[in-house]
Number of protein chains: 4
Amino acid sequence: MTADPRDPAAIQLSTVEQWAAAHLDPTWYAYFAGGAAAERTLRGNVTGFDRFELRPRVLAEFEAATAATRVLGHELSMPVLTAPMAFMRMAHPDGDEGIARAVAATGAGMLLSTLSPSTPAEVAAAAPTATRWLQLYVLRDRGLSDDLVAEALEAGFSAIVLTADLPVIGSRGRELASGWAIPEDELPALVRARRAGATERGFDLLDPTVSWGEVDRLASQFGVPVVVKGILRADDAVLAADHGAAGIVVSNHGGRQLDGAPPAIAALPAIAEAAGDRVEVLLDGGVRHGSDVVTALGLGARAVLVGRQVLWGLAVGGEPGARRVLELLGSEIAVALRLLGCASPAEVGRDRVNPRD
Amino acid sequence: MTADPRDPAAIQLSTVEQWAAAHLDPTWYAYFAGGAAAERTLRGNVTGFDRFELRPRVLAEFEAATAATRVLGHELSMPVLTAPMAFMRMAHPDGDEGIARAVAATGAGMLLSTLSPSTPAEVAAAAPTATRWLQLYVLRDRGLSDDLVAEALEAGFSAIVLTADLPVIGSRGRELASGWAIPEDELPALVRARRAGATERGFDLLDPTVSWGEVDRLASQFGVPVVVKGILRADDAVLAADHGAAGIVVSNHGGRQLDGAPPAIAALPAIAEAAGDRVEVLLDGGVRHGSDVVTALGLGARAVLVGRQVLWGLAVGGEPGARRVLELLGSEIAVALRLLGCASPAEVGRDRVNPRD
Amino acid sequence: MTADPRDPAAIQLSTVEQWAAAHLDPTWYAYFAGGAAAERTLRGNVTGFDRFELRPRVLAEFEAATAATRVLGHELSMPVLTAPMAFMRMAHPDGDEGIARAVAATGAGMLLSTLSPSTPAEVAAAAPTATRWLQLYVLRDRGLSDDLVAEALEAGFSAIVLTADLPVIGSRGRELASGWAIPEDELPALVRARRAGATERGFDLLDPTVSWGEVDRLASQFGVPVVVKGILRADDAVLAADHGAAGIVVSNHGGRQLDGAPPAIAALPAIAEAAGDRVEVLLDGGVRHGSDVVTALGLGARAVLVGRQVLWGLAVGGEPGARRVLELLGSEIAVALRLLGCASPAEVGRDRVNPRD
Amino acid sequence: MTADPRDPAAIQLSTVEQWAAAHLDPTWYAYFAGGAAAERTLRGNVTGFDRFELRPRVLAEFEAATAATRVLGHELSMPVLTAPMAFMRMAHPDGDEGIARAVAATGAGMLLSTLSPSTPAEVAAAAPTATRWLQLYVLRDRGLSDDLVAEALEAGFSAIVLTADLPVIGSRGRELASGWAIPEDELPALVRARRAGATERGFDLLDPTVSWGEVDRLASQFGVPVVVKGILRADDAVLAADHGAAGIVVSNHGGRQLDGAPPAIAALPAIAEAAGDRVEVLLDGGVRHGSDVVTALGLGARAVLVGRQVLWGLAVGGEPGARRVLELLGSEIAVALRLLGCASPAEVGRDRVNPRD
């Protein structure tokens, strides 16, 4: 009996990308799947997990583990939030709203991209109960930038995730070679609504000169936690804490920005050690299975972001496909925790993961 | 002249899996061959042997080596026992009885799965002379659990191997993707005989809350050696000794439970060192050839479990196929010992294996 | 929409070699692409970059980075010079003049091969504004050798790059297997113009017995910087400085000379440390993307040579193809600098690159 | 222009094995190419060279290097002897005599197998000027064993190479799977001539109980240098010296005996260091190119044995094919020496090779 690739219920985490590749327009698949330059970092995000080994303890005397955890004060059913991604409607008409509903159904969290064609309010309406954070590209026009934040907070978004690793767009050869371009009708909501005609590419709105002071400003002005996304060094993690961040995301932007940057998981241990208890540390990059998540927990992460896996689920089966991916992840995490001998994410200590040799 | 894949006498250790894959129903091949999640640990069990190098001594002045050894007080013709595996009848109608007869014929040992459709008595009848141990999943119903042990001991099984690494079933994507399910008529003997209808999946009978105290209890109650299977850390090996185990099996359950766990062979050295002479250490995972066995001996194992190789032999040629695999293994072990300059397994000292670089 | 391989504007750095392979005569592709012996070093030049990881800093508070830099006193738009290569006309009729024009258009620098069929004056005429250096194989006939240098200086070439790693031609199996031979009508200009008939292969003119004294002699006689190309050890770098070199090129001759030599990028750090400020250090070998260039900068290089990528661009699209490759490289370098948090090549400190683990 | 695989003059070192595979009967190719068990060591012999890097010095001020050297007092044109191999006539009718003539023509040395169908006298007649050593499997019948040695010395063989790593034949799956068997008419000369009918397999004549005392005995009895072949540990190298050996061969028998043994090149450095000046050290295993030879020299070898490359040359083109392989090797060695900055093998110091990283 072979599974039917059109059936979201048949999605498996190991094969969902291939199924998605078969569903998607090749140009869009190139856009979503591709990375920068020689794609060393893109591949490294996944193979980087081979540098670590999990060290389970047995006969741990409890029934089952829960994946539930607390991230920046929010209760989540699992230590997973969906990564902010643009152009979700090109993967499937369900788009960001579909992901939001999948997140709400499974108890994960969601990061909405600044460049989403949906407004924060639209996404909130689709999934009012979901934990939602706003991914923020700080805009050259700080008024517009602040309006977006205010609008998101108004819609119940509960944290600001400032993306720090895109002062310029990475050199993405696969994207360029495919002839990819932003579709006319996929302009970001903030462009459509307020600056129609001002630019054809949302990227032009972004301010590359953002400095650490912006973290202080956002933290003091909006009264919600500010998270800095794109940290790959311990010294920058310390700076984030110094400037009032409540959290950081260890990330190389899915291998789409600086090729040659380390796998996110490889950069995590030193950063988590430097961060200590001053900020909560999240990991973004290469997470495909629950065992990857618990590896990140053991190396000091509080939770992880999952991007492409959810996107492939959405591409294959819309909201049910994305939900299926999150369900599988949640299930795999609980299984991996139990097999590690940990009753919950909080119990995954540093002794549960070793560098390979 | 090309060998005939239908001829058990033509089986070779390097190709038996491919032959078996051609014989088996794809769903069952997926079940038997697959591992958890991204199958990192599944692959690692085999490639882990690349981390070590054998260091032969020459001109050793004796005729031939013997593979014969003593494991938990039993004389075996080679330091090999067959790993406990469920659903052997789906590989070949000869099933567990076929493996038992192959074991008896070659002088290896055998571990019978708790979930076998054959009773210990049936297996004992098929191969009364074989060294047979009972693999035990401790059941929620301790009475039933103890009945199974008692029945096995009655039938001449001489050790209890408590599997400690399955408090929950691993996330096995290949299995799920293949549509695999337990066949109606392959219920474990213990379910059929005593609890018919109580459950459709034997796994539901298992108690995930087993603790180290159960090792003490089994050891004191049944008067046979208790072995804890599924150890991957030195501290758990010490605990096993503290709780009265006579042996441990270093194992990641053939890569089917916690993906990301180290290759069994890589976990062995530190465990063997911690265990010292307090417990006998067995190695389970990735053994394909006699040189793998002697590598394990050099790293501190007393013997190894061999699962899939025997299963592939059974799938290709029934009992004669399984026997051929064991014969080849025994022969390769004796050859490898002689080439190492060791007259017997007991002579394989720690100086015979080096970590690669 | 798929890119058109015949359109130079569609060239991408990741795929230009495949496109070139499809354009070129197989024998010439073998000549250009091949390396020595087992081609370990050829492959290592590219994979060697995997031994290092870039360590970006975020929120760096400036608009954009410039790739512009200063090499041996020359202002270049990027830290890139084209490597000296023979037989460019066999890649495309535009030949060395095409490369020179591409270099002039993009603000990079160029090294002209001793064995070019074009004279320095011809190349200078094609691209009077380009930074041009003469690659020198010291000839047995020192008079002829000096004439060539003088002619080049007269034509505005501003440095002498003495190639030190070709006392004999490497063992290039792919070349030999392809039946490659120097075409009758591609004799070096210096042979055609002055020594016609003296030899059929320019290589016979070269003096293998060149010693460090030649570096002193050239430096004192011609009054332009002398660069020694082909250094792979720290002690030789120190000797180069001792003998008056202004620069060195860390290079294994594109993997075409001594197979088994380390990747150029792997040899760089120790050499750069030994060289200190005494000589400017350039890196030659395996550079395919802008991220490779910034890796070299972080490990102590002032600039890099780029050979095959420019050659493939020339093969695909003549001068516009070569120009496209340089434009892409310049753009990728500026992007990679910005992502590293460095406003210019001079800001790429040693802390921006780590050995992988 | 593509080379003609039937033309010995077109043989290249990188492709000769593929050509030979196309020429040979598949069963014989399996016999010649295969290794033991999982063939880890077979592959490791070649890939082991990747663990080292050559470190050339430039501007070395001499014309050309010579590959000529002195091994056990014999002048050779290059530090290469052909490895002892059985069944050469099945590769090509020219057989051992063909190899001997190729060796004589090129100035290399040759080791003749105990199991050759040709007598030492026949081989000597074919190539009276070649440096010839006798590879010796010590026979159970010491009288016959000594007769063979005496006959070889009579025929001008000048050293005894005692093979120490075949007390039993390795587990060679590819051989077995291919249905390979010793052909009736390829019995060793010593069987045919003196013990016809005594055995069908020459291997049965061999004495596995040989001890170090045999080295003493041979050395004192025959007055020619004794070399022990098959050393993989420093302590055994010291024992060889203690027992009067003049040389040792670091070898794992081409990966055909103990799978899991280290690559010969990886075992060399510690052995050469332990051996010091007490014995000459040769390296056998994985040599495909001249750069491999100089790597071995840098790690302490005086010379290398080359087996399969010469065999493939013989298979492709008979004696001219084998000669072509040796010519190419000699040429590559001289080139590699010159590129290293060494005028002869004796100049290749330990500083010319580094472990990778």
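Please read these numbers as outputs of a predicted model, since none were measured by experiment. (Residues numbered from 1 in each chain as written. Chains lettered and ligands numbered in written order. Predicted model: local features only at pLDDT ≥ 70, side-chain atom pairs only at ≥ 80, totals over all residues. Heavy atoms only, no water.)

**Comments concerning the interface of chain B and chain A**
One frequent convention defines the size of an interface as the accessible area lost when the parts assemble.
Part 1 of the reasoning: Contacts between the two partners involve 40 residues from chain B and, on the opposite side, 33 residues from chain A.
Part 2 of the reasoning: Buried surface at the junction of chain B and chain A, both sides included, amounts to about 2,900 Å², of which 54% is carbon and sulfur.
Part 3 of the reasoning: The largest contributions to the chain B side of the interface with chain A come from Arg 40, Arg 233 and Leu 258 of chain B, which together make up 24% of the buried area.
Part 4 of the reasoning: For Arg 51 of chain B, the salt bridge goes to Glu 53 of chain A, with nearest N and O atoms at 2.9 Å. (Contact = heavy atoms within 4.5 Å. Buried area = accessible area lost by both parts, 1.4 Å probe. Salt bridge = Lys/Arg side-chain N within 4 Å of Asp/Glu carboxyl O.)

**Digging into the interface of chain A and chain C**
Part 1 of the reasoning: Listed by partner, the interface residues are 40 residues for chain A and 33 residues for chain C.
Part 2 of the reasoning: Between chain A and chain C, a total of about 2,900 Å² is buried, with carbon and sulfur atoms accounting for 54% of that surface.
Part 3 of the reasoning: Considering only the surface of chain A that becomes buried against chain C, Arg 40, Arg 233 and Leu 258 of chain A emerge as the three largest contributors, covering 24% of it.
Part 4 of the reasoning: Between chain A and chain C we count 7 salt bridges in total.
Part 5 of the reasoning: The salt bridge involving Asp 351 of chain C is made with Arg 233 of chain A; its shortest N-O contact spans 2.6 Å.
Part 6 of the reasoning: At the boundary of chain A with chain C, the tally comes to 13 residue pairs in polar contact (both at pLDDT 80 or more).
Part 7 of the reasoning: Elements represented by at least two residues in the side of chain A that touches chain C include exactly helix 8 (173-177), helix 10 (212-222), strand 8 (226-231) and helix 11 (234-242) of chain A.
Part 8 of the reasoning: Class assignment for the residues of the side of chain A that touches chain C results in 21 nonpolar, 11 polar and 8 charged. (Polar contact = N/O pair within 3.5 Å; in protein donor to acceptor, adjacent residues only side chain to side chain. Helix = DSSP H or I, 4+ residues; strand = E, 2+ residues; numbered from the N terminus. Nonpolar A, V, L, I, M, F, W, Y, C, P; charged D, E, K, R; others polar.)

**Observations regarding the side chain of Asn 252 of chain B**
Residues and elements named next belong to chain B.
Part 1 of the reasoning: With respect to the helices, strands and loops of the structure, Asn 252 is situated in the loop between strand 9 (247-251) and helix 12 (264-275).
Part 2 of the reasoning: Reaching out from Asn 252, the side chain makes a polar contact with the side chain of Asn 45 at a distance of 2.8 Å.
Part 3 of the reasoning: Here Pro 262 takes part through its backbone oxygen, which lies 2.9 Å from a polar atom of the side chain of Asn 252.

**Some details on the relation of the copies chain A and chain C**
Part 1 of the reasoning: After a rotation of 90° and a shift along the axis of 0.0 Å, chain A superposes on chain C with an RMSD of 0.0 Å. Interpreted geometrically, this transformation is the action of a four-fold axis. Scanning chain A for the C-alpha nearest the rotation axis identifies Asp 357 of chain A, at a separation of 8.1 Å. (Least-squares fit on C-alpha atoms with pLDDT ≥ 70 in both.)

**Looking at the arrangement of the chains**
Part 1 of the reasoning: Regarding chain B and chain C, the two do not touch, and the least distance separating their C-alpha atoms is 16 Å.
Part 2 of the reasoning: A minimum C-alpha distance of 16 Å separates chain A and chain D, which share no contact.

**Regarding the packing of aromatic side chains**
A ring pair, where both rings are aromatic, is described by two values, the distance of the centres and the angle of the planes.
Part 1 of the reasoning: Using the criterion set out here, one finds 36 aromatic pairs over all chains in the structure.
Part 2 of the reasoning: For the ring pair Trp 28 of chain A and Phe 32 of chain A, a centre distance of 5.5 Å and an interplane angle of 40° mean the geometry is tilted. Residue Trp 28 of chain A and its partner Phe 32 of chain A are both found in helix 2 (residues 26-33); the two are separated by 4 residues, about one turn of the helix. This pair shows no difference in class: Trp 28 of chain A is buried, exactly as Phe 32 of chain A is.
Part 3 of the reasoning: Pairing Tyr 31 of chain D with Phe 32 of chain D gives two aromatic rings, centres 5.4 Å apart and planes at 65°, and the pair type is edge-to-face. Across the pair, Phe 32 of chain D and Tyr 31 of chain D agree in class, each one buried.
Part 4 of the reasoning: Put simply, the rings of Trp 28, Tyr 31, Phe 32, Phe 87 and Trp 180 of chain A pair up and form one aromatic cluster.
Part 5 of the reasoning: The residue whose ring lies beneath Arg 132 of chain C is Phe 157 of chain C, and the NZ or CZ to ring-centre distance is 4.9 Å. (Phe/Tyr/Trp six-rings, centres within 6.5 Å; stacked < 30°, edge-to-face > 60°. Buried < 20%, exposed > 50% of the residue type's maximum accessible area, 1.4 Å probe, protein only. Lys NZ or Arg CZ within 6 Å of the ring centre and 35° of its normal.)

**Quick word on the confidence of the model for chain A**
Part 1 of the reasoning: Considering every residue of chain A, the mean pLDDT works out to 94; 96% of them sit at 70 or more.
Part 2 of the reasoning: As a predicted assembly, this complex carries a pTM of 0.96 together with an ipTM value of 0.96. (pLDDT = per-residue confidence, 0-100.)

**Focus: the pattern of salt bridges**
Part 1 of the reasoning: Under the defined criterion, the tally for this structure stands at 92 salt bridges over all chains.
Part 2 of the reasoning: Residue Asp 50 of chain C pairs with Arg 40 of chain A through a salt bridge whose shortest N-O separation is 2.5 Å. Note that Asp 50 of chain C is positioned in the loop between helix 3 (40-47) and strand 1 (52-54) and Arg 40 of chain A in helix 3 (residues 40-47), a pairing that runs across two chains.
Part 3 of the reasoning: Arg 233 of chain C is the salt-bridge partner of Asp 235 of chain C, the closest N and O atoms lying 3.0 Å from each other.
Part 4 of the reasoning: Note on Asp 235 of chain C: relative accessible area 29%, which makes it partly exposed.
Part 5 of the reasoning: A single salt-bridge network, built from bridges that share partners, covers Arg 57, Asp 351 and Arg 352 of chain A together with Arg 233, Asp 235 and Asp 236 of chain B.

**Re the pairing of strand 11 (residues 303-306) of chain A**
All names here are of chain A.
Part 1 of the reasoning: Because side chains alternate across strand 11, one face comprises the buried residues Ala 303 and Leu 305, and the other comprises Val 304 and Val 306, equally buried.
Part 2 of the reasoning: Two elements, strand 4 (residues 80-82) and strand 11, share 3 bridges in a ladder whose sense is parallel. Of the residues in strand 11, the one forming a bridge with Thr 82 is Val 306.
Part 3 of the reasoning: Here 3 bridges tie strand 10 (residues 280-284) to strand 11, and the two strands are oriented parallel to one another. Bridge pairing links Asp 284 to Leu 305 in strand 11.
Part 4 of the reasoning: In the classification by handedness, the crossover that spans strand 10, the intervening helix 13 (residues 290-298) and the parallel strand 11 is right-handed. (Pairing = 2+ DSSP bridges. Right-handed = clockwise from strand over helix to strand, strands pointing away.)

**Side note on helix 7 (residues 142-154) of chain B**
Residue and element names in this part refer to chain B.
Part 1 of the reasoning: Helix length check: helix 7, at 13 residues, gives a terminal C-alpha distance of 18 Å against a target of 18 Å (1.5 Å per residue), a fit within 8%.
Part 2 of the reasoning: For helix 7, every residue scored as buried is listed here: Leu 144, Ser 145, Asp 146, Leu 148, Val 149 and Ala 152.
Part 3 of the reasoning: Between a side-chain oxygen at the N-terminus of helix 7 and the backbone nitrogen of Gly 143 the separation is 3.0 Å; the capping residue is Asp 141.
Part 4 of the reasoning: Of the residues flanking the end of helix 7, it is Gly 156, one or two places downstream, whose phi is positive at about 90°. (Expected span 1.5 Å × (residues − 1).)

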